[in-house]
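Structural overview for review
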Amino acid sequence: MKLYTRWQNSAGERVRIALNLKGLDYDYVSVTTLGAEAYAAINPQGLMPALELDGQIFTQSVAILDLLESRFPQRPLLPADLALRALSIAFGATIASEMHALTVNRVRRYLADHAMDDADVAGWVQHWQREGFVALEALLARREQAWPFCYGEEPGWADLHLVPQVAAARRLSVPLERFPLLVEIAGRCEALPAFIAARPDSQPDFPGKAQ
Ligand SMILES: N[C@@H](CCC(=O)N[C@@H](CS)C(=O)NCC(=O)O)C(=O)O
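Presented here is an overview of the structure given in this document. (Residues numbered from 1 in each chain as written. Predicted model: local features only at pLDDT ≥ 70, side-chain atom pairs only at ≥ 80, totals over all residues. Heavy atoms only, no water.)

**With respect to the sheet that holds strand S1 (residues 2–5)**
- What the four strands build is an open sheet, ordered S2-S1-S3-S4; its pairing is mixed. Only two strands of the sheet have a single neighbouring strand rather than two, namely strand S2 (27–30) and strand S4 (56–59). Put simply, the sheet's adjacent strands are angled 25° from each other on average, direction ignored.
- Inspection of the sheet shows S1 paired to S2 by four bridges, in the parallel sense. Bridge pairing in S2 links lysine 2 to aspartate 27.
- Of the strands in this sheet, S1 and S2 are in contact with helix H1 (residues 10–21), which crosses S1 at around 150°. (Pairing = 2+ DSSP bridges. Helix = DSSP H or I, 4+ residues; strand = E, 2+ residues; numbered from the N terminus. Axes fitted to C-alpha atoms, helices over the stretch in contact; angles between N-to-C directions. Contact = heavy atoms within 4.5 Å.)

Below you can see the structure in the form of structure tokens.
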């Protein structure tokens, strides 16, 4: 398996956490080192990550997570309980489709290129992040049980979406004081080896690291 990613790549970090939780080995291919042109031949969209498995290329982190979950069922990321499974997928979709997708670098760049000043772009980011976090905090507050992780005794699908998004919020100066449950769970995950090994500064192409 080859994962095309780069050190700072929230969507790729989700997949790195999943691979680590499942104990799967993979080759890390730095898209920065590979170059944009070569990567466009792998993923025409140019977005990271992409996964090469059995000679095929797969894109979109959610599709990759779904593939890994079905193909490597050991250490499931989704709860067996169907309701908890749906809640976990909804939690992840709120982050991937409604927070990350609206605030990612290329969106911020587009807004800046279309006459939004820095303060307006920051306001846009804060708005969509805050809106998402408010909903996620409320969803966790009404769980049937106060599990140590989002939807269970072990971290899974929802948690691996949460951690990179909380890190992005910190980078983008989004205040997190109103989200104690999210911050507490993210902190618990951040101390675990699977999450530590997936974070930006653990990657071989993190600036300053020998590759
Ligand atoms: N929906 C995609 C999002 C992928 C995405 O936006 N990746 C970002 C980094 S987190 C990227 O490749 N950005 C390149 C750029 O902004 O030029 C997924 O979940 O895989």
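That covers the picture; the talk isn't over yet.
**Regarding the environment of phenylalanine 58**
- Residue position: phenylalanine 58 is located in strand S4.
- For phenylalanine 58, a relative accessible area of 23% corresponds to the partly exposed category.
- Here the alpha-carbon distance between phenylalanine 58 and isoleucine 42, two residues 16 residues apart in the chain, equals 9.2 Å.
- For phenylalanine 58, the contacting residues outside a window of four places in its chain are Ala50, Leu51, Leu53, Ile64 and Leu67. (Buried < 20%, exposed > 50% of the residue type's maximum accessible area, 1.4 Å probe, protein only.)

**Considerations on the nonpolar core**
- With 47 residues, the main nonpolar core has Leu68, Phe91, Phe133, Cys150, Tyr151, Leu162 and Leu182 as its most contacted residues.
- Contributions of two or more residues to this core are made by H1, strand S3 (50–53), helix H4 (61–71), helix H5 (82–103), helix H7 (118–141), helix H8 (157–171), helix H9 (180–190) and helix H10 (193–196).
- Sorting elements by how many residues they give to this core places H8 first, with seven residues.
- Formed jointly, this core draws a minimum of three residues from each of two domains, domain 1 (2–75 + 196–202) and domain 2 (82–193).
- By size, the runner-up hydrophobic cluster in this structure holds six residues, among which are Tyr4, Val31, Ile42 and Ala50. (Core = buried A, V, L, I, M, F, W, Y, C linked by side-chain atoms within 4.5 Å. Domains from an automatic or database assignment.)

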